[in-house]
Amino acid sequence: MLHVWLRAQHSPLAVWHEDVQQWQMVDGWQQLQTIYGNYKSSSQKALCLYFPSSHALQVDTALNAAQLKQLGNSGKQYLFEETSLTPIEQLNIRQLSHADTTQLYALAQNDIESWQQSAQLAGMNIVALLPDFLLLPPPEEGAGQQVILYQDSQTMLLRQSLRQGMAVSYLPLMFERFPHLSEVMVLPSIEASIDASLDSLDSSSPMDLVAQTKALIADHQLLLTTLPTVPKPIDSPERHALNFFIKSTDSQLSPYLRVAMMVALSALVLQMATDGVQWYKYNEATAATKTAIAAQYQSWFADEPLSTRTKLQVQLQPKLRSDSQAPASHMAALSRISPLIKQSSLHAQSLVMQPSALSFTLIAPDRSSLDKFTSTLVAQGLNAKLAQVNSNEQGQFSGQVTVNVIENNIAENSDMASNAAAS
């Protein structure tokens, strides 16, 4: 596995050589491919990239592991709302917990994708993506009295404990954050160790620190100690808690595709449920219709049971044809009632034709409309009665109006006879 250090966004790449315990500079991803792109096995093309810690956001929280788990990933993202210029939905979150303290780190998804694409163009496969402050050894005393400092022309890093580190943009401000700081332990620059024209380093004259940095440390009356080793890669970077790389085998679907699949699956389940409900209601309606037909038939023809093996039409046709007066009187009554319904604000819902009467259900906006229509039928010489008035959830009223057809015919015949006698 190659260990590559990207100190700044457009800085030269540093490649670690384990045999000589040094970093080798390459100009960029293209030169990295030229030098190391001839590897044939995928393991030799695996790459651990140490990205600039300035791209990582850090938040300290007093929430314990159980509370953070309950908070969820989206809740953790909102903890970076005040410090992130990137939309929080695009932040990848990692955490380090110890005792009662937890450090949350965030990295923008765009940065991850950009570095992955650069590595792929160089013929490499990233397997670990870590902030570069992890290259610095942790201080022996982690209570804020010691810090590890690294500085070169591309970056300045500081590590204050095993689980905390950062990129430094303004060193005096960093010293103000550590009121108990007593010692600054400095690592030599990898640029100085590579450049043969520079003098060798020693603890009394650290060539990797500029004069302003040394003077600043002296002004704060801090002990300056130069460590003999340069920043080094960590062991097992793939299993580190701050590894921001997501392996392709563990990668999840994009949010848009997940939403689309969930919507499609929900629509399918809804359609199946709707079809099931409709099928159930259809069966219920069929059974209710059969029961209503049997009851209606029994009320018309009490002496003859309805056969379940014979079609209803076959059983009704001879009975309807044998009673020629009833259909004519029913049709005459309907011809008088239908225009009145059309002229009103009522709607006919159902019609039941009995041997001696017509019964139909009307829907009206109020109760008075039903009473008024019944009175109109009576005024037209029809023997009409209103019964079973009910209201529904929409505020409408339904009423069953029954018109006695036989009595109407008798009344009409009596009127005709009276008129004939009078003339």
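No experiment lies behind these values; they were computed from the predicted model shown.

Calculation criteria
Residues numbered from 1 in each chain as written. Predicted model: local features only at pLDDT ≥ 70, side-chain atom pairs only at ≥ 80, totals over all residues. Heavy atoms only, no water. Buried < 20%, exposed > 50% of the residue type's maximum accessible area, 1.4 Å probe, protein only. Helix = DSSP H or I, 4+ residues; strand = E, 2+ residues; numbered from the N terminus. Pairing = 2+ DSSP bridges. Core = buried A, V, L, I, M, F, W, Y, C linked by side-chain atoms within 4.5 Å. Contact = heavy atoms within 4.5 Å. Salt bridge = Lys/Arg side-chain N within 4 Å of Asp/Glu carboxyl O. Phe/Tyr/Trp six-rings, centres within 6.5 Å; stacked < 30°, edge-to-face > 60°. Arc of directions from axis to C-beta. Axes fitted to C-alpha atoms, helices over the stretch in contact; angles between N-to-C directions.

Would you mind showing me how to read the pairing of strand E4 (residues 46-51) here?
The side chains of a regular strand alternate, residue by residue, between the two faces of the sheet. Summarising burial for E4: six of the six residues are buried, a large majority. In terms of strand pairing, strand E1 (residues 2-6) meets E4 through four bridges, oriented parallel. Note on E4: the bridge partner recorded for His3 is Cys48. Relative to strand E8 (residues 125-131), E4 is paired through six bridges, and the arrangement is parallel. Note on E8: the bridge partner recorded for Ala46 is Asn125.

Can you walk me through the nonpolar core in this structure?
Looking at soluble globular proteins, one finds that nonpolar side chains tend to be buried together. Core analysis: the largest hydrophobic core is formed by 47 residues, its most contacted members being Trp5, Leu49 and Leu129. The dominant element in this core, judged by the number of residues it contributes, is E4, at five residues. In contact with Trp5, not counting residues within four places along its chain, are Pro12, Leu13, Ala14, Trp23, Tyr50, Asp132, Leu135, Tyr150, Thr155, Leu157, Ile190 and Pro231. Formed by 16 residues, the second largest nonpolar core is a distinct cluster that contains Leu171, Phe175, Phe178 and Val186.

Before we go on, may I ask you to explain the pattern of salt bridges in this structure?
Two side chains carrying opposite charge are able to pair once their charged atoms lie near each other. The tally for this structure, following the rule as stated, stands at three salt bridges. A salt bridge links Asp152 to Arg7, with the nearest nitrogen and oxygen atoms 2.9 Å apart. Here the residue Asp152 occupies a position in the loop between strand E9 (146-151) and strand E10 (156-159), and Arg7 occupies one in the loop between E1 and strand E2 (13-17), the gap between them amounting to 145 residues. Each member of the pair, Asp152 as well as Arg7, carries the same accessibility label: buried. Between Arg7 and Glu191 there is a salt bridge; the shortest N-O distance is 2.9 Å. Remark: Glu191 occurs in helix H5 (residues 190-194) and Arg7 occurs in the loop between E1 and E2; sequence separation between them is 184 residues. The class for Glu191 is partly exposed, based on a relative accessible area of 24%.

It is not clear to me how the packing of aromatic side chains should be interpreted in this structure. Could you clarify?
Within a pair of aromatic rings, the relevant descriptors are the distance that separates the centres and the angle that separates the planes. Throughout the structure, instances matching the rule amount to six aromatic pairs. With 5.4 Å between their ring centres and 45° between their planes, Trp5 and Tyr150 make a pair best called tilted. With Trp5 in strand E1 and Tyr150 in strand E9, this residue pair connects regions lying 145 residues apart in the sequence. As far as the burial class goes, Trp5 and Tyr150 line up, both buried. Three or more aromatic residues joined by ring pairs form one cluster here, namely Trp5, Trp16, Trp23 and Tyr150.

How should helix H1 (residues 29-36) be read in this particular structure?
Since the α-helix advances by 3.6 residues per turn, residues separated by three or four positions end up pointing in the same direction. All buried positions along H1 are accounted for by Trp29, Leu32 and Tyr36. Buried residues of H1, seen end-on, are gathered within an arc of 50° and therefore sit on one face of the element. When the buried face of H1 is taken as reference, the exposed residues oriented beyond 90 degrees from it are Gln30 and Thr34. Packing partners of the buried residues in H1 comprise E1, E2, strand E3 (22-26), E4 and helix H3 (109-121).

Can you help me understand the sheet that holds strand E7 (residues 101-108) in this one?
In a beta sheet, neighbouring strands are held together by backbone hydrogen bonds and run either parallel or antiparallel to one another. Spatial ordering of the open sheet is given by E5-E7-E6, a layout of three strands whose pairing is antiparallel. Where the open sheet ends on each side, the last strands, each with one partner, are strand E5 (57-61) and strand E6 (91-98). Geometrically, the sheet is characterised by an average inter-axis angle of 20° between neighbouring strands, direction not taken into account. Helix H2 (residues 65-78) contacts E5, E6 and E7 of the sheet and is inclined by roughly 145° relative to E6. Each of E6 and E7 is contacted by H3, which is oriented at about 60° to E7, the strand it contacts most.

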